[in-house]
Amino acid sequence: MFTTILKYEIRHWLKQPMTYIFFFTLLLLTIVSMGGIAEAFDEHSEVKSTTMLANTSWRLIEVIRIFTNLILLLLPIIFGGSVFRDYKNNVHTVLYSYSFGKKDYLLAKYFSAALVMSLIVLGVMIGIFLGTKIPTVNQALLVPFNLTAYLQTYFVYLLPNILLVGAIVFSMVVYTRNIYSGFVIVLLLLAVQAILNAVLGGMDNRFWAAIFDPLGQNANYFYIRNWAKTDLNTQLVPVKGVVIYNRLLWMGIASLLFGLMYRSFSFSQNAFSFSFKKSTGERFVKNNFGSIIKVNLPKVNFDFSFFQQLKTTWTLSNLDLKYIVKNWMFISLVVAGSAFVLLKGLQISPAFGYKTLPMTWVMLQLPAILFSGAILILTFLFAGMLVQRDRMVEMNQLVDITPVPNWIFLFSKFLALIKMQILLLIFLLLGGVLAQTILGFHHYEIGNYLFRLYVVMLPSFIVWAMASLFVQTVFTNAYLGFFILLLSTAGATLVPDQLGMEHDIFKFNSAPSFTYSDMDGYGGTLGVHMLFRFYWGLFGGVLLCGTLLFWVRGIPYSFKERLGIVFSRFKGRVALVASVLLIGFLSLGFGIYYQDQLSGGDPLVDFNLEKVSAENELKFGEFKNLAQPEIEAINIHLDIFPATRDFRAKGEFTYINKTEEPIDTLLVHYSFDELTKFDFGNASDLILEDTVLRYGLHRLRKTLAGGDSVLMNFEVWNRPQTCLLYTSPSPRDRG
């Protein structure tokens, strides 16, 4: 029976479009990634002895590391799905009546999933190879093809993680009969890795960090961290010592969990579950012989007013939030994430041996960035679970016939996701404050915490919640929707960059970075950031309208039928709101781009330094050996306007000819960034000027003999400030 089940499972996965979507997506991503490393899409640079080459053994591991988290999050879909499918379709009771043992059943399920997943990740290795064959790559960055490097990367660094983590995921899904417990395991492993790096991240603990790393990444870099670039370009990454110990340790842990699952598994078992409530075991006795009592039923008043619909939306959102916070996936990640924030805030093992003062902005820097990843993953997962919740418990047809508009169901789930994000950000605040307290630092700045978390960070999560609901509604397969959302987080930036669209208006939910200082707070950088958040919020509103149009009510026969329903719904208030939001989004985007790139901007805002230098050499190269006077004295008057963040400087330079030869021509170069006006009074005439390269050639009316001087008057001021362009050259911005 083992062979029969194995063949059936493999045939099943090979018939699923999802399998090929995963394979070709990873294939395409790695082709683009390796092509980018090999400069297939950029101008070729000069390759020196210190240049890191593209397809070396070390670089192959680097590319694998980029996609590791994405690959791991596919494991619950394949390994967990292989066994959860029987429970989901309610055929496990029929299967369990067949005459096969649990050994055949479990091993066939596991090895079929392992084989399918191995073929999917093989696309990564093929993509790396094909990326080096793009015709436009810089051939100087490539080393000769080394089959050993590819085989070592696949069989030592990639495949073991698939098999070991897959075994743990498979065991947990079998034990709980819930595929989402597999996602919990993967996320907990990633959290464990982050916590170990926080605890053992110092230089003195590298050995133990390499041993206990569940994914073996620290072990891979243990021996090569001090290698010279020439060694990284020519040698294979060694497989010995720490690498072997790490693999053996986690192989033992995975085998132990798999063995415990195998021993406790029974075809008649109930799913394992956790509960904090203790059953009292009380007996309830029904009395069927009581007296007949006349019951007056209350009169029911139907209220379909807009206010009542809002109350219904809020009530349903609270029920959805309760469903989320009681889920073990949420609880596990909150505990692990809070532990990581606390340990990182305590700086238990700083990488370079010194600790920084635990100011509020420090507590919100790296921990917030990493905890944000957990918030996004939970948003993606629970968006799919909320959208598919009725179908998972087979209550969708009852829900569909209720007299409740679609927008109530949609906005209740949207509000539940926002409430979840708000709740998760509270844990980030508490972790930071607790770390500060333990370290004896009591300047908490609660206002800064709340402003940063709920005004600056939350809008970005809300936009992702809108996108998640849209994707999970359009793609009724929650796992495929989750995979697409994961790709979106990387593709939102990577794809526009590769296409040359580097402006933030083309990168989904992206915004210019901001800076914070204890001296001037966010300065002039936050306004632009929040404007882009509003810009992407408009687009998120468009997606939310699209979600409402695609909302499934009833049992559509095909996607074509769903499109017909979408067009029939696009009318009235939905069409009006969607049109207004879309027009606002496009208008604001055009306005931002016009003001930032087209309207009165400096032609050298994004200039190519090499190109400008070449033009400069061609046009003014003949004057490079021209004798010039030196500055002897400076007299300057500087006005600073903090309220408008402007400045204006004026003064004079005194130049003296300290050479022995007479000087009759002055070559002046002035700033690209500021507006400049200068003159030598009546002592010179302008004979040549280039306003692009910022050069001017001046002929002195009186030759400057040795020891003679000339006075230059100048005035410099910043370009006009706009909501998008911050032009004051403060030391912080130059930093």
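Residues numbered from 1 in each chain as written. Predicted model: local features only at pLDDT ≥ 70, side-chain atom pairs only at ≥ 80, totals over all residues. Heavy atoms only, no water.

1. Quick notes on the overall build of the protein chain
Within the protein chain, the secondary structure is distributed over 26 helices and seven strands. Every one of the 735 residues in the protein chain was classed for burial, and the buried ones make up 46%. Of the contacts made within the protein chain by residues no fewer than 6 positions apart, 78% connect residues no fewer than 24 positions apart. Split by element, the accessible area of the protein chain, about 38800 Å² in all, is 63% carbon and sulfur. (Helix = DSSP H or I, 4+ residues; strand = E, 2+ residues; numbered from the N terminus. Buried < 20%, exposed > 50% of the residue type's maximum accessible area, 1.4 Å probe, protein only. Contact = heavy atoms within 4.5 Å. Areas by Shrake-Rupley, 256 points an atom, 1.4 Å probe, with all protein chains shown as cover.)

2. Thoughts on the packing of helix α20 (residues 446-474) against helix α22 (residues 526-550)
Taken N-terminus to C-terminus, the directions of α20 and α22 make an angle of 25°; their axes are 8 Å apart at the nearest point. Classified by the angle their axes make, α20 and α22 are roughly parallel. For α20 against α22, the interelement crossing comes out left-handed. The class makeup of the residues in the contact of α20 with α22 is 16 nonpolar, eight polar and one charged. (Axes fitted to C-alpha atoms, helices over the stretch in contact; angles between N-to-C directions. Parallel < 35°, antiparallel > 145°, perpendicular 65-115°, else oblique. Left-handed = near helix turned anticlockwise from the far one by under 90°. Nonpolar A, V, L, I, M, F, W, Y, C, P; charged D, E, K, R; others polar.)

3. Some thoughts on the pairing of strand β2 (residues 646-656)
Direction of pairing for strand β1 (residues 630-641) relative to β2: antiparallel, over a ladder of 11 bridges. Residue pairing in the sheet places D639 in a bridge with R648 of β2. In this structure, β2 lies alongside strand β7 (residues 709-717), joined through nine bridges in antiparallel fashion. What sits directly across from I656, in β7, is S709. (Pairing = 2+ DSSP bridges.)

4. As for the sheet that holds strand β6 (residues 695-704)
On the basis of which strands lie adjacent, the open sheet formed by three strands has the order β3-β6-β5 and antiparallel pairing. Since the sheet does not close on itself, it has two edges, and those belong to β3 (663-669) and β5 (684-690), each with one partner. Adjacent strand axes in the sheet meet at a mean angle of 20°, parallel and antiparallel pairs treated alike. Inspection of the sheet shows β5 paired to β6 by six bridges, in the antiparallel sense. For E689, the partnering residue across the bridge sits in β6 and is G696.

5. Here we look at the confidence of the model for the protein chain
A residue-level look at the protein chain finds 87% of positions with pLDDT of 70 or above and a mean pLDDT of 82. Taken together, the stretch residues 600-607 has pLDDT below 50 and engages in eight contacts with residues farther than four places along the chain or on a different chain. Here residues 730-735 is a poorly scored stretch, pLDDT under 50, and it has 12 contacts once near neighbours within four places are set aside; other chains count. (pLDDT = per-residue confidence, 0-100.)

6. Quick word on the packing of aromatic side chains
Aromatic rings considered in pairs are described by the distance between their centres and by the relative angle of their planes. Counting across every chain of the model gives 36 aromatic pairs. Ring geometry for F183 versus F482: centroids 5.1 Å apart, planes at 75°, classification edge-to-face. Here F183, found in helix α8 (residues 180-199), pairs with F482, found in helix α21 (residues 478-498); they are 299 residues apart in sequence, far enough to count as distant. We note that F183, like F482, is buried. Ring geometry for F653 versus F714: centroids 4.7 Å apart, planes at 25°, classification stacked. Remark: F714 occurs in strand β7 and F653 occurs in strand β2; sequence separation between them is 61 residues. Since its relative accessible area comes to 19%, F653 is described here as buried. Within the aromatic cluster, the residues linked to one another by ring pairs are F380, W464, F508, F532, Y535, W536, F539 and F585. (Phe/Tyr/Trp six-rings, centres within 6.5 Å; stacked < 30°, edge-to-face > 60°.)

7. Some thoughts on the packing of helix α2 (residues 17-37) against helix α6 (residues 102-131)
The N-to-C vectors of α2 and α6 enclose an angle of 25°; their axes lie 7 Å apart at closest approach. Classified by the interaxial angle, the pair formed by α2 and α6 is roughly parallel. Crossing of α2 over α6 shows right-handed handedness. In contact with T19, F22, F23, L26, L27, T30, I31, M34 and G35 of α2, α6 contributes V116, L119, I120, L122, G123, V124, I126, G127, I128, L130 and G131. When its residues are assigned to classes, the contact of α2 with α6 shows 14 nonpolar, six polar and no charged.

8. A word on the pattern of salt bridges
Scanning the model with the defined rule gives 13 salt bridges in all. R553 is the salt-bridge partner of D400, the closest N and O atoms lying 3.9 Å from each other. Taken together, the residues span a long stretch of sequence, with D400 in helix α18 (residues 396-400) and R553 in the loop between α22 and α23 (559-569) at a distance of 153 residues. The salt bridge involving E632 is made with K658; its shortest N-O contact spans 3.1 Å. Here E632 is found in strand β1, whereas its partner K658 is found in the loop between β2 and β3, with 26 residues between them in sequence. Three or more residues are tied together by salt bridges with common partners; here these are E9, R85, D86 and K109. (Salt bridge = Lys/Arg side-chain N within 4 Å of Asp/Glu carboxyl O.)

9. Some details on the side chain of N233
Mapped onto the secondary structure, N233 falls in helix α11 (residues 229-234). Of note is the side chain of N233, whose polar atom sits 2.9 Å from the backbone oxygen of T51. In this structure N233 touches T51, M52, L53, T56 and V143, once residues within four positions along its chain are discounted. (Polar contact = N/O pair within 3.5 Å; in protein donor to acceptor, adjacent residues only side chain to side chain.)

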